[in-house]
Amino acid sequence: MKVAHMPLRTAAITLGLLAGAAGLASPAQALEFAGYLRSGVGTTAGGGDQACFKLPGAETKYRLGNECEQYAELELRQPLLTLDDGSVLRVAGMVSLFNAYGRDLTLRGDDGAVRLPQLYAQWSNLPALNGGSLWAGRRYYKRNDIHIADFYYWNQSGTGAGIEDVAIGGRTYSYTLSRKDNLYQTAYTTRHDLHVAGFATNPGGGLELGVSHIDRPGRRDAHAGWSLSVQHVQQDFLGGKNTLALQYGQGPGTGLGYTGDVGLDASARRYRLVEFFDWQAGPRFGGQVEAVYQRDIRRDGKGQHWMSLGARPAYAITEQIKLVVELGHDRVWAPGGMHSLSKLTVAPTWSPRGPAFWSRPELRLYYTYARWNQAAQRAANGMAAGSALSGTGAFGPALHGANVGLQIETWW
């Protein structure tokens, strides 16, 4: 989730205040520290700064060997008080740091940033809510993503308040009221999210659904919108887990996981199907495969179809050495024609904590090759001049390119 930029000093003060609050808690209520980090160096096969491959009109790109930034998230969580009824009051905050490859480590301007994606209070395990919670602030909340593409297709994060996971009749109910959920949302807009989970459909399978309503902002050219998401998760499927999601939105609801363009009326519609499968077949062979189809209907002539297919299998040659391969293909059918991008990455990987697909940290040496068509280059020239696929990018008028590099990724 993207939120507003903030000075490094402000971020430091924020975490400092959180740490100070932690000092007021009893020693038994330990401060929790969590985080994420990816960092590395990369270059094009020709020797310039690494240029990442993303198809214009596609929502995402395939990540392995195709990330052009240093990025970190540092989170502190602190229980402040445990009441006699068993409920717990806690606070949490997170600072994220971003800097583009090939740029000075300034963490500011167009090539870097410090952000505050989370700062909230939560009162959890409330008996009056059948074990549910109350929360308020800015929070990562009920995020559903496909890891290999970093695609948060259903994401209720935002700045607001909510009632979370109230158990009633074998289901859990959640409601959130938020005002802003991403960096590019130009004006505060009230959004309501209702989420219901716990529908048992079959052995190992469960269904959840969510409805989002976006109020009409107080200006003449704005509209209200809504979206619906239905998701089925099947556990223990062929040695892994399968997820299938269907989504639909109108007007600003076409953002689906986010607040969309409030200038769109009800004639603007978006349909999306998401399917992905995580597997771990034995201790040494795991991976993730995905398929996405999205259709945008717009009467302004900007409608399009987007299709994405990809997989990242990983095989552990030894307890700590993996061979990871990622293959992804995107197509967009738009008024300017069908543009496509195919990308392949091969990455010998050191995994000191074991051979499983999700084991981290990983240190990867990678080679990435991509190929695109002329329609993709024309689209990039108009929508993303200077990007890898454009005629003014790192690969010039060529319709292919390659990167090599070294990256570490970890979380804790």
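Residues numbered from 1 in each chain as written. Predicted model: local features only at pLDDT ≥ 70, side-chain atom pairs only at ≥ 80, totals over all residues. Heavy atoms only, no water.

Student: Which residues make up the overall build of the protein chain, and what values do they have?
Tutor: Looking only at helices and strands, the protein chain has two helices and 20 strands in total. In terms of overall size, the protein chain behaves like a compact globule, its C-alpha atoms giving a radius of gyration of 22 Å where 412 residues would be expected to give roughly 22 Å. Burial statistics for the protein chain: of 412 residues in total, 48% are counted as buried. Approximately 18,700 Å² of the protein chain is accessible, and the part contributed by carbon and sulfur atoms is 61%. Distance between charge centres in the protein chain, computed from 40 positive and 34 negative side chains, equals 4 Å. (Helix = DSSP H or I, 4+ residues; strand = E, 2+ residues; numbered from the N terminus. Rg over C-alpha atoms; globule rule 2.2 N^0.38 Å. Buried < 20%, exposed > 50% of the residue type's maximum accessible area, 1.4 Å probe, protein only. Areas by Shrake-Rupley, 256 points an atom, 1.4 Å probe, with all protein chains shown as cover. Lys, Arg positive; Asp, Glu negative; His and termini not counted. Charge placed at Lys NZ, Arg CZ, Asp CG, Glu CD.)

Student: Can you explain the side chain of S229? Please cite residues and give values.
Tutor: Here S229 shows up in strand β12 (residues 225-237). We classify S229 as buried; its relative accessible area is 4%. A distance of 3.1 Å separates the side chain of S229 from the side chain of Q247, its partner in a polar contact. If near-sequence neighbours (up to four positions away) are discounted, S229 is found in contact with W154, E208, L209, G210, L246 and Q247. (Polar contact = N/O pair within 3.5 Å; in protein donor to acceptor, adjacent residues only side chain to side chain. Contact = heavy atoms within 4.5 Å.)

Student: Explain the state of the cysteines residue by residue, including any values.
Tutor: Inspection of the entire model under this criterion finds one disulfide. In this model C52 forms its disulfide with C68; the gap between the sulfur atoms is 2.0 Å. Disulfide C52-C68: the torsion about the S-S bond is 110 degrees, which places it as right-handed. Of the two residues, C52 is situated in the loop between β1 (32-44) and β2 (69-82) and C68 in the loop between β1 and β2; the sequence distance between them amounts to 16 residues. Exposure class is identical for C52 and C68. Each is buried. (Disulfide = S-S within 2.5 Å.)

Student: Residue-level account of the pairing of strand β20 (residues 400-411), with values.
Tutor: Looking down a regular strand, the side chains alternate between one sheet face and the other. As defined by bridge partners, β1 adjoins β20 across nine bridges and the pair is classed as antiparallel. Across the sheet, the residue bridging to Y36 is W411, located in β20. Both strand β19 (residues 362-372) and β20 contribute to a ladder of ten bridges, which runs antiparallel. Counted as the bridge partner of Y369 is A402 from β20. (Pairing = 2+ DSSP bridges.)

Student: Tell me about the packing of aromatic side chains, and please be specific about residues and values.
Tutor: The full count for this structure, using the stated rule, is 17 aromatic pairs. Taking 5.4 Å as the distance between ring centres and 80 degrees as the angle between the ring planes, the aromatic pair formed by F237 and F277 counts as edge-to-face. Of the two residues, F237 is situated in strand β12 and F277 in strand β14 (residues 269-281); the sequence distance between them amounts to 40 residues. Classification of F237 as partly exposed rests on a relative accessible area of 34%. Every member of this aromatic cluster is reached through a ring pair, and the members are Y36, Y71, F357, W358 and W411. Above the ring of Y140, the side-chain terminus of R143 is found at 3.7 Å from the ring centroid. For K180, the ring lying beneath its charged end belongs to Y188, and the centroid distance is 5.5 Å. (Phe/Tyr/Trp six-rings, centres within 6.5 Å; stacked < 30°, edge-to-face > 60°. Lys NZ or Arg CZ within 6 Å of the ring centre and 35° of its normal.)

Student: How would you summarise the nonpolar core if you had to cite specific residues and measurements?
Tutor: Core analysis: the largest hydrophobic core is formed by 25 residues, its most contacted members being F53, I146, Y153, W372 and L389. Mapped by element, the contributors of at least two residues to this core are β7 (151-155), β14, β19 and α2 (374-383). If one sorts the elements of this core by residue count, β7 sits on top with three residues. Beyond its immediate chain neighbours, meaning those up to four positions away, L389 contacts F53, K54, L55, P56, L341, W372, A376, Q377 and A380. Counting nine residues, the second-largest nonpolar core is a separate cluster that includes L64, C68, F357 and Y366. (Core = buried A, V, L, I, M, F, W, Y, C linked by side-chain atoms within 4.5 Å.)

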